[in-house]
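The lines below spell out each chain.
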Amino acid sequence: MLINMEQMLAIVKENKFAVGAYNISNLELDRIVIEQCEEDNAPAIIEVHPTEVFYCKDDFFAYVLQRIKNSKVPFVLHLDHGDNLDSVARAIHNGFSSVMIDGSLLSWDENVDITRKTVEMCHRVGVSVEGELGTIGQTGTAVEDGLKNGIYTKLEDAKRFVEETGVDTLAFGIGTAHGIYPKNVTPEIRIDILKDIIGQVDVPLVLHGGFSNPDEQIAEAVKNGISKVNISSDFKHAFFDKVREVLANDQGWDPNNLFPVCIEEGKKVVHHKNQLLMPSVRLLSIMNCHHGGWNFYK
């Protein structure tokens, strides 16, 4: 079933676990996430970056929406790191139930302005909005730059930003970066920042850029209040490593020969992440108990 982010994270926060937000950009990656989350009875967020939306083309999302709406498991279809109001409008047109507007590299006033405008536009049609304050560097593979130049979010700024924009969820600078970490970089999530903010900000909090962070760091972040964890490089890395292995061994080049074993490798990562984010949660029981809360998004 399709719901929006506000609906999903309200129940996630109440039950003190986190949900995985998985970036997809083609049929195989979409299948990995949806099929594994259905097997795990785990609610999930399907995320698509504006560059991935451009690559997929609009018609692709008709399939994604049909697949989600026919599932027994709650899913959100979410625009990740929307860069302007046009990309937000395109996501709404394509049936997304949630968007992120990322003004974190703008000035305070510019970030507040574009985020507030996004909230005003999206809330008219029941679409939830994630904003970002502080930065974790550019998306992509520039991890070292993100870690060196990222800006940690201050408590007073987080409170003010949520109040001034009306966002439903907040991504914030906590010491992580996007992409795959170099071998000489040891990532560390700033739990002290999280503890400061979680006690003073009512909206659910989002962790971006957690690839290569040890499981215990992710688990500690969830324990201390993170409700949504963005996951991209991890399961894509497993999928494409297997693609290279299959092609190197000349085992086939037709999609039906090449991709099935690669999909299974990606599913292993998604299954692990679901267990990590929801360690003691009886998900099916929660979904049944909150059946009224998991309303279809219309």
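Just so you know, the residues in each chain are numbered from 1, in the order the chain's sequence is written. Thresholds applied to this predicted model are a pLDDT of at least 70 for local features of residues and 80 or more for the giving and counting of side-chain atom pairs; totals over whole chains, interfaces and linings are not thresholded and use all residues. By convention in this description, side-chain values take in all heavy atoms of the structure and omit both hydrogens and water.

(A) Here's a closer look at the sheet that holds strand β7 (residues 205–207). The pairing criterion for strands is at least two bridges between them, as found by DSSP. Numbering goes from the N terminus for both helices and strands, where a helix is a DSSP run of H or I of at least four residues and a strand is a run of E of at least two. Around the barrel, eight strands lie side by side as β1-β2-β3-β4-β5-β6-β7-β8; this closed barrel has parallel pairing. Pairwise comparison of adjacent strand axes, ignoring direction, gives a mean angle of 25° for this sheet. Here strand β1 (residues 19–23) runs beside strand β8 (residues 226–231); their pairing, made up of four bridges, is parallel. Looking across to β8, one finds that Y22 is bridged to I231. Helix α8 (residues 155–165) rests against β5 (128–133) and β6 (169–172) of the sheet, and its axis sits at about 150° to β5. The convention used is that axes are lines fitted to C-alpha atoms, helices contributing only their stretch in contact, and that angles between N-to-C directions extend from 0 to 180 degrees. For this analysis, residues touch if any pair of their heavy atoms sits within 4.5 Å.

(B) Local environment of the nonpolar core. Residues L77 and F235 are the most contacted members of the largest nonpolar core, which totals 83 residues. Sorting elements by how many residues they give to this core places helix α12 (residues 255–277) first, with eight residues. In this structure F235 touches Y22, N23, I24, L29, I32, V33, G266, V269 and V270, once residues within four positions along its chain are discounted. Definition of nonpolar core: a set of buried residues of the types Ala, Val, Leu, Ile, Met, Phe, Trp, Tyr and Cys, connected through side-chain atoms within 4.5 Å. Buried means the residue's accessible area, taken with a 1.4 Å probe over protein chains only, is under 20% of the maximum for its type, while exposed means over 50%, and partly exposed covers the values in between.

(C) Spotlight on the environment of S71. Looking at the element boundaries, S71 is found in the loop between α4 (60–69) and β3 (75–82). Note on S71: relative accessible area 4%, which makes it buried. The spacing of S71 and L2 is 69 residues in sequence and 8.4 Å in space, taken between C-alpha atoms. With sequence-adjacent residues up to four places away left out, S71 is seen in contact with M1 and E38.

(D) Just helix α6 (residues 108–123), in detail. Each residue after the first adds 1.5 Å to the expected span of a helix. For α6, which comprises 16 residues, the first-to-last C-alpha distance of 22 Å matches the rise-based estimate of 22 Å (1.5 Å per residue) to within 8%. Residues of α6 that are buried include every one of N111, V112, I114, T115, T118, V119 and C122, and no others.

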